[in-house]
Amino acid sequence: MPEEREGEFYGKNGEPRKFDPTFKGPIQNRGCTDIVCCILFIIAILAYIAVGILAWSQGDPRKVIYPTDSRGQFCGQAGTPLADKPVLFYFNIMKCASPMVLLEFQCPTTQMCVDKCPEKFMTLVKAYTNKNDFDYYKTFCKEGVTNTMGIPEILKQGLCPAMLMPSKPFTRRCFPALGERGGVITVGNNSKFDDGRGNMRDAKDLLDGVTNATVVIEARQVVMKIFEDFTQSWYWILIGLVIAMLTSLLFIVLLRFLAGIMVWVMIVMVILVIGYGIFHCYMEYAALKGTAGSDVTLQQLGFQTDFAVYLQIRQTWLAFMIILAIVEVIIILLLIFLRKRILIAIALIKEASRAIGHVMSSLFYPLFTFVLLAMVVAYWAVTAVFLSTSNEPIYKVFNETACDYSRTTCNPANYSTSLEKARCPDSMCLFAFYGGETAYHKYLIGLQFYNVFLFFWCANFVTALGQMTLAGAFASYYWAFVKPDDMPAFPVFSSLGRSLRYHTGTLAFGSLILSIVQIIRVLLEYLDHKLQGAQNKCTKFLLCCMKCCFWCLEKFVKFINRNAYIIVAIYGKNFCTSAREGFFLLMRNMVRVAVLDKVTDFLLFLGKLLIVGLVGIFAFFFFSGRVKAFESTAPHLHYYWVPILTVVVLSYFIAHGFFSVYAMCVDTLFLCFLEDLERNDGSAERPYLMPESLRKVLNKKNKKEPAQ
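Being a predicted model, the structure only gives us computed values, none of them experimental.

Visitor: Explain helix H17 (residues 491–502) to me, and be specific about the residues and the numbers.
Guide: Between its first and last C-alpha atoms H17 spans 16 Å; for twelve residues at 1.5 Å apiece the expected length is 16 Å, and the two agree. Those residues of H17 that fall on the buried side of the exposure criterion are Pro491, Val492, Ser495, Leu496, Arg498, Ser499 and Tyr502. Along the long axis of H17, the arc covered by the buried residues comes to 165°, so they all point the same way. Facing away from the buried side of H17, by more than 90 degrees, are the exposed residues Phe493 and Arg501.

Visitor: Let's hear about the nonpolar core: which residues, and what values?
Guide: Grouped together as the largest cluster of nonpolar side chains are 114 residues, with contacts concentrated most on Val263, Trp457, Phe474, Tyr478, Leu603 and Tyr662. For this core, the element with the highest residue contribution is helix H16 (residues 444–478), accounting for 19 residues. Those residues in contact with valine 263 that sit more than four places away from it in its chain are Leu255, Ile346, Ile349 and Leu603. Listed in part, the 22 residues of the second largest apolar core include Phe134, Cys141, Leu159 and Cys174.

Visitor: Please give an account of unusual backbone geometry that cites residues and values.
Guide: The phi angle at aspartate 34 is positive, at roughly 50°, despite the residue not being glycine. Judged by its relative accessible area of 18%, aspartate 34 falls in the buried class.

Visitor: Any details on empty space enclosed by the protein? Residues and values, ideally.
Guide: Within this structure, the stated rule accounts for one cavity of 30 Å³ or more. Taken together, 13 residues make up the lining of the largest cavity; nearest its centre are Phe89, Tyr90, Phe91, Ile93 and Met165. Looking at the lining of the largest cavity, the elements that each hand over two or more residues are strand S1 (87–90), strand S4 (163–164) and strand S6 (173–176). Considering every element that reaches the lining of the largest cavity, the biggest residue donor is S6, with three residues. Residues of the lining of the largest cavity, tallied by class, amount to eleven nonpolar, two polar and no charged.

Visitor: Give me the side chain of glutamine 518: which residues, what numbers.
Guide: The residue glutamine 518 is located in helix H18 (residues 504–530) in this model. When near neighbours in sequence (up to four residues on either side) are disregarded, glutamine 518 contacts Phe456, Asn460, Glu554 and Lys558.

Visitor: An account of the packing of helix H19 (residues 537–571) against helix H22 (residues 641–679) is requested, with residue identities and associated values reported.
Guide: Contact geometry for H19 and H22: axes closest at 10 Å, N-to-C directions at 65°. Classified by chirality, the crossing of H22 by H19 is right-handed. Across from Arg562, Asn563, Ile566, Ile567, Ile570 and Tyr571 in H19, the residues of H22 making contact are Ala663, Met664, Asp667, Thr668, Leu671, Cys672, Glu675 and Arg679. Among the residues forming the contact of H19 with H22, the class breakdown is eight nonpolar, two polar and four charged.

Visitor: A description of a nonpolar patch on the surface should follow, citing residues and the corresponding values.
Guide: Side chains of Ile42, Leu46, Ile49, Ile53, Trp56 and Val382 sit close together on the surface and give an oily, nonpolar patch of about 540 Å² of accessible area. At five residues, helix H2 (residues 35–58) tops the list of elements feeding residues into the nonpolar patch. With respect to the helices, strands and loops of the structure, isoleucine 42 is situated in helix H2. Relative accessible area serves as the criterion here: at 45%, isoleucine 42 is assigned to the partly exposed category.

Visitor: Before we move on, can you summarise the pattern of salt bridges with the specific residues and values?
Guide: Applying the stated criterion to the full structure yields eight salt bridges. Between glutamate 119 and lysine 116 there is a salt bridge, with the nearest N and O atoms lying 3.8 Å from each other. For glutamate 119, a relative accessible area of 54% corresponds to the exposed category. Close ionic contact of lysine 131 with aspartate 135 constitutes a salt bridge, the shortest N to O distance being 3.1 Å. Note that lysine 131 and aspartate 135 are positioned in helix H6 (residues 131–137) at a spacing of four residues, about one turn of the helix. With a relative accessible area of 57%, lysine 131 lands in the exposed category. Sharing partners across several salt bridges, the network here consists of Lys131, Asp135 and Lys138.

Parameters at a glance
Residues numbered from 1 in each chain as written. Predicted model: local features only at pLDDT ≥ 70, side-chain atom pairs only at ≥ 80, totals over all residues. Heavy atoms only, no water. Helix = DSSP H or I, 4+ residues; strand = E, 2+ residues; numbered from the N terminus. Expected span 1.5 Å × (residues − 1). Buried < 20%, exposed > 50% of the residue type's maximum accessible area, 1.4 Å probe, protein only. Arc of directions from axis to C-beta. Core = buried A, V, L, I, M, F, W, Y, C linked by side-chain atoms within 4.5 Å. Contact = heavy atoms within 4.5 Å. 1 Å grid on protein atoms, 1.4 Å probe; cavity = no way out; pocket = protein on both sides within 12 Å on 5 of 7 lines; lining within 4 Å. Points joined across faces, edges and corners; volume = space filled by probe spheres on them. Nonpolar A, V, L, I, M, F, W, Y, C, P; charged D, E, K, R; others polar. Axes fitted to C-alpha atoms, helices over the stretch in contact; angles between N-to-C directions. Left-handed = near helix turned anticlockwise from the far one by under 90°. Patch = residues over 30% accessible without salt bridge, like charges linked within 9 Å, V, L, I, M, F, W, Y side chains within 5 Å. Areas by Shrake-Rupley, 256 points an atom, 1.4 Å probe, with all protein chains shown as cover. Salt bridge = Lys/Arg side-chain N within 4 Å of Asp/Glu carboxyl O.

Structural data, given as structure tokens:
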């Protein structure tokens, strides 16, 4: 470009790199960077450990494991008087039909722990006349009931339920054994029952109570079935993941020796796999033609806990077919428009393959990152559970008639002699929920917020450490004049040591910025959830715009951080300087960045897509029993899509783990390649260090040294 325009361009985007004969890759003599942020990160980690210790000392995970009776005691907990009473029994399940249940998640009826659910119909009046029946009945009553007490006295003090009905345990709770006979709701094979107060009630009257009491139970039922499917298929899921890992490793090895051929094979295979998916969806769509009920729309069907129902509808397969067809067309169009740039991307992938061949330990580094991330996730999850269960039991007044003290807190120890009981004789003091009024409980939401924020910060720090470590290892390969003689003996370990010793503060700084953006996104999602019932269109629009903007900001920060870590790994500068230099370097080469680097990312994404597609198709035919050879081998499941989705999702993460090494290698080599173009001109004094394959594609040549 003309000299004046070139100066103006570089003035806006920084000065290009100057030739430095002493530069031979990542600088060894460097100092600590971003020390203030390093100290802040260490203090935050120590505070995080303190929060964990506090949560573990105050929390009680039993509150999410065992059901709780009206006294706040845990049913079935080992080492307690209720150890042999694992099931929760409701005195009057019909009171759960109250709309307040959906707000307070607590039925306004006495609840007690029993060893098993009632197995037959029985009223207190009838049981009282027979000693054996009354002894059986008393197993579902509070302590203190004797044969000398009268029925009115027992009912007045709320010591026994007015009736028992056949029930079945579900999620450790007794629910009426409802059934259907001739279109009529039954309980215990009877369409009517005696409510214990001389009234005959229809069995359908129990439905509202059971429905409200099982608002969360239905979801738990699906979760239990999914859990059972996992217990039946975990062995085969592991085999599928091993296949995904071996397939990914095979692709990496083949890319090392046959990069050009493998990329084209990868492209063709992706097109064929998606094409087969379109064909299979069409065959399923055509096979359901004329089948009863197959023309029902998804909107008419609504949400169903049995997801297999959706596969019996033609519209489901039509939707799958349209989605796959759109993906197929997009991929083909991108390949047509980018066919020339693919050649340059293949040359870059070939060089990345050579780099990985010299730094083979880099392929196993994602396992180290995975272990660290697993520790971070485990610490966050355990701390969150203990924090959420570190409240105290709160008791409230529940009553059937009007009462001024309704829903106020009470003390069950002296409630029988309290003013509330005197003013409201039919009221009860029952366990409501877990809470507290102490300073610790008031700031509990703040501790949960801190737990989430530190989770993001630590997870982003681990990811950043991996990026900087791999960047340093691959940069040492690129800038080595004689490969591998000029490279460190252990490039990954050398780079990891430099990153932790000198740049912990820089890693903490970059991950802190990203974590702040992510926590804002979480708060926006929380706000959106809270305002779902609002009808203000303007508020919804603004919230949607903010969510979109912060999503874009998060992607931009990740892009800046990634390139900043590469510059830090090479030159050892602080975060802000490295981020600026990396950004300006890319801005000075915007065309190459927009085309070459993104085309390479696209090709690597196709590789991940191919592995996931191949493993997913294999999992589908195995778990669905569509292939007769697998019918006797495949486990019998409630939802065969559970292991299929598990294998597909985890296969993607496995493939992403292997290909992320390639992606980081390509990004590092790409930045080094851009710096090489600025530092050197191909002369004998300033030769290009890029490989010959890249020089040929870019029409760059190293001039021969003059004869001596």
